[in-house]
Each structure stands twice: as structure tokens, then as C-alpha cells.
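# Geometric and topological summary
Chain by chain, the residues run as shown.
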Amino acid sequence: MIVTMLGTNGWFDTDFGQTMCTLIRTRDYSVILDAGYGIRRIKELVDFSKPVYLLLSHLHLDHTIGLHTLDSFHFQQPVKIVVPAGQKQAFAELVRPPFTNPWAKMVPEGSELLDTDELGTTAFPFEISTLPLQHPVPDHGYRLGIEGKTVTYLCDTGFCDNALTLAGGADLVIAECGALPGTVMDKPNAPHMEPELCARLAVEAGVSQMVLTHFGAGAYTSIPQRMNAVAAARTIFPNLITGVDNLEIVL
Ligand SMILES: [Zn+2]
Ligand SMILES: [Zn+2]
């Protein structure tokens, strides 16, 4: 599979980063994690003749603002959209007139909106499990079993037990890094993580590699600043990758 970081900014777009979106492509289907403005790039990358799964961590706008572009893609098969438990109504209120077209009109007939409590009601071609994360609004992390590998998605969250559980032994963890070094280390209830916390989570969970994303746009104002912050945390976990837009990881 190919994991492509399409948008690696938290909060808002900048000249060098778009808001949150990560794409996983396999031979048979595509999985899109969150729908910030980075989602526009799926147009060139996704094979729309194959099934597409859109998994949303939560409904903050930096993870959903790209949803109004859904009808610019040419999905040829019904799309499955997953939102955190209890968030279907809020999703439907966000993606509707007068803000944009109704979500169901932007995807093919037969598309489904599911919440994380309903995952057992439908078939997925990959293993999927979820747990709530530490964030001010309902928010779920995902653990996916794809082609014999485990990929975990942790956005947005502070350091918490559920993040550790979802990440346990994963081949790749895609983790949020919204905060600057030294700003949330001593705040156990923080809504975001920083590079050192991410590295500690990777070590504690025994993961193979971790790519950081969701760099807070107000905090990280250049790519070199991201690189330096992540490099410092590699003393704790060497296989820590700095996420930048369009980075590809082959698993
Ligand atoms: Zn966010
Ligand atoms: Zn958020």
C-alpha cells in the first residue's frame, strides 16, 4: 500500500501545507483519513472506479472543510463515510445547504454514512477498530489492518491510554503533532501532542514507524521548523518521520 500525506497542517492552510488529509491506496480500494483541503489532491491519485472509504476522526473544520468539494470527484462506486459515534446528525448539518450541497447528493447513490458504533453492520475489505481520543469534541482514532499490516491514525488527541492501545505494535502510526516542543509535556489533559510526546507514545506502544502530521499552522511557521522539532525527538524514537504535504510512505 501507499500512504500519501495530502494535507499536514492543523487549523488552517499555509503556503507550504494544507489542512488534514491522508490517503491510503491499495490495489483494490482507497481509504481517505479526514477531509481538510488536502483532499483536493485525491483527484489525481485515486482510482475512482474502485471503492473509496472516507474515515473522519472528528468534525473540526480543519478535518472537514474539504467536504464541500466532494462533488468535484468522480466516484464511480458508493462511498462509505465514517464519523465518530453520535456525530451523524452533526455531519449532515455541516454538509448541507446553505453551506454546500447535501452530502448524499455529492456521492453516488447507495453511499452510506456510518458512525463508529455501526461499523459491525457493514462489510469492509480491511480490519477496522476505533476508540475515542482525548479532544474537546467527540473524536475517534482508527486502527486498520490492511494487506497484513497495521496502520493507526491518531488525530486529534493528547497522550492517552486509548491512543496507546490503538497504536500497539503498529507498522505505521500517523500521529498528530499540533503543539510546539515543551508546551504540553506537563499537561496530561492537553488536546494535542508535541514531538517528544509522540516519540514516547511510539516507544511505549512498540510501533515500527511513526509519521507526524497536523502541525499547528499558528505554531509551526516553516518546514525547517517542523524538521528541527521532530529531529530533536528522534533521540527517543529514531523512526520518527516529519510529515510534509505529498510525502509518500510505501508499506
Ligand atoms: Zn485539527
Ligand atoms: Zn481538532
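Remember, predicted model here, so these are calculated numbers, not experimental data.

So, on to the packing of aromatic side chains. Applying the stated criterion to the full structure yields 11 aromatic pairs. With centroids separated by 6.0 Å and ring planes inclined at 90°, the aromatic side chains of Tyr29 and Tyr53 adopt a geometry described as edge-to-face. One end of the pair, Tyr29, is in the loop between strand S3 (21–25) and strand S4 (30–33); the other, Tyr53, is in strand S5 (residues 52–55), and 24 residues separate them in sequence. The same class applies to Tyr29 and to Tyr53, which are both buried. Taken together, the ring pairs in this structure connect Tyr29, Tyr53, Phe124 and Phe126 into an aromatic cluster. In this structure, Lys80 is placed above the aromatic ring of Phe124, and the distance from its NZ or CZ to the ring centre is 5.5 Å.

Quick look at the sheet that holds strand S15 (residues 248–250) now. Here we have 7 strands laid out as an open sheet, ordered S7-S6-S5-S4-S3-S1-S15, and mixed in their pairing. Here the strands that pair on one side only, and so sit at the sheet edges, are strand S7 (112–115) and S15. Taken over all neighbouring pairs, the strand axes of this sheet differ in orientation by 20° on average, direction set aside. Summarising the sheet, strand S1 (residues 2–7) and S15 pair through 3 bridges and their orientation is antiparallel. Across the sheet, residue Ile2 finds its bridge partner in S15, namely Val250.

Turning our eyes to something else, we now look at the coordination of the zinc ion (ligand 2). Here the zinc ion (ligand 2) is held by His58 (NE2), His60 (ND1), His135 (NE2) and Asp156 (OD), and the distances to it run 2.1 to 2.3 Å. Here the zinc ion (ligand 2) is ringed by 4 donor atoms whose angles at the metal span 92 to 164°, and the overall shape comes out irregular. A gap of 3.4 Å separates the zinc ion (ligand 2) and the zinc ion (ligand 1), which Asp156 links by coordinating each metal.

This paragraph deals with the coordination of the zinc ion (ligand 1). Six octahedral donors around a metal ideally sit at 90 or 180 degrees from one another, while four tetrahedral donors ideally sit at 109.5 degrees. Protein coordination at the zinc ion (ligand 1): the donors are Asp62 (OD), His63 (NE2), Asp156 (OD) and His214 (NE2), at 2.1 to 2.3 Å from the metal. Around the zinc ion (ligand 1) sit 4 donor atoms, and with donor-metal-donor angles ranging over 91 to 165° the site reads as irregular.

Quick look at helix H6 (residues 223–233) now. One full turn of an α-helix is made of 3.6 residues, so residues set three or four places apart face in the same direction. Among all positions in H6, only Arg226, Ala229, Val230 and Ala233 are buried. Down the axis of H6, the buried set is contained in an arc of 95°. They therefore lie on one face. Along H6, exposed side chains directed more than 90 degrees from the buried face belong to Pro224, Asn228 and Ala232. The N-terminus of H6 is capped by Ser222, whose side-chain oxygen sits 3.1 Å from the backbone nitrogen of Gln225.

Let us now look at the packing of helix H5 (residues 195–205) against H6. Where H5 contacts H6, the two axes come as close as 8 Å, and the packing angle between them is 40°. Taken together, H5 and H6 sit at an angle that is classed as oblique. Note on packing geometry: the crossing formed by H5 with H6 is right-handed. Contacts between H5 and H6 pair Pro195, Glu196 and Ala199 from the former with Ala229, Val230 and Ala233 from the latter. When grouped by side-chain class, the residues that make up the contact of H5 with H6 number 5 nonpolar, no polar and 1 charged.

Those residues of H5 that sit buried are Pro195, Leu197, Cys198, Ala199, Leu201, Ala202 and Ala205. The elements touched by buried residues of H5 are strand S10 (149–154), helix H4 (161–167), strand S11 (172–176), strand S12 (209–213), H6 and strand S14 (240–242). Two residues or fewer past H5, Gly206 is found with a positive phi of approximately 65°.

Criteria and thresholds
- Residues numbered from 1 in each chain as written.
- Chains lettered and ligands numbered in written order.
- Predicted model: local features only at pLDDT ≥ 70, side-chain atom pairs only at ≥ 80, totals over all residues.
- Heavy atoms only, no water.
- Phe/Tyr/Trp six-rings, centres within 6.5 Å; stacked < 30°, edge-to-face > 60°.
- Helix = DSSP H or I, 4+ residues; strand = E, 2+ residues; numbered from the N terminus.
- Buried < 20%, exposed > 50% of the residue type's maximum accessible area, 1.4 Å probe, protein only.
- Lys NZ or Arg CZ within 6 Å of the ring centre and 35° of its normal.
- Pairing = 2+ DSSP bridges.
- Axes fitted to C-alpha atoms, helices over the stretch in contact; angles between N-to-C directions.
- Donors = N, O, S within 2.8 Å, 3.2 Å for Na, K, Ca; no water.
- Tetrahedral: all angles 85-135°; square planar, octahedral: opposite > 155°, others 65-115°.
- Arc of directions from axis to C-beta.
- Polar contact = N/O pair within 3.5 Å; in protein donor to acceptor, adjacent residues only side chain to side chain.
- Parallel < 35°, antiparallel > 145°, perpendicular 65-115°, else oblique.
- Left-handed = near helix turned anticlockwise from the far one by under 90°.
- Contact = heavy atoms within 4.5 Å.
- Nonpolar A, V, L, I, M, F, W, Y, C, P; charged D, E, K, R; others polar.

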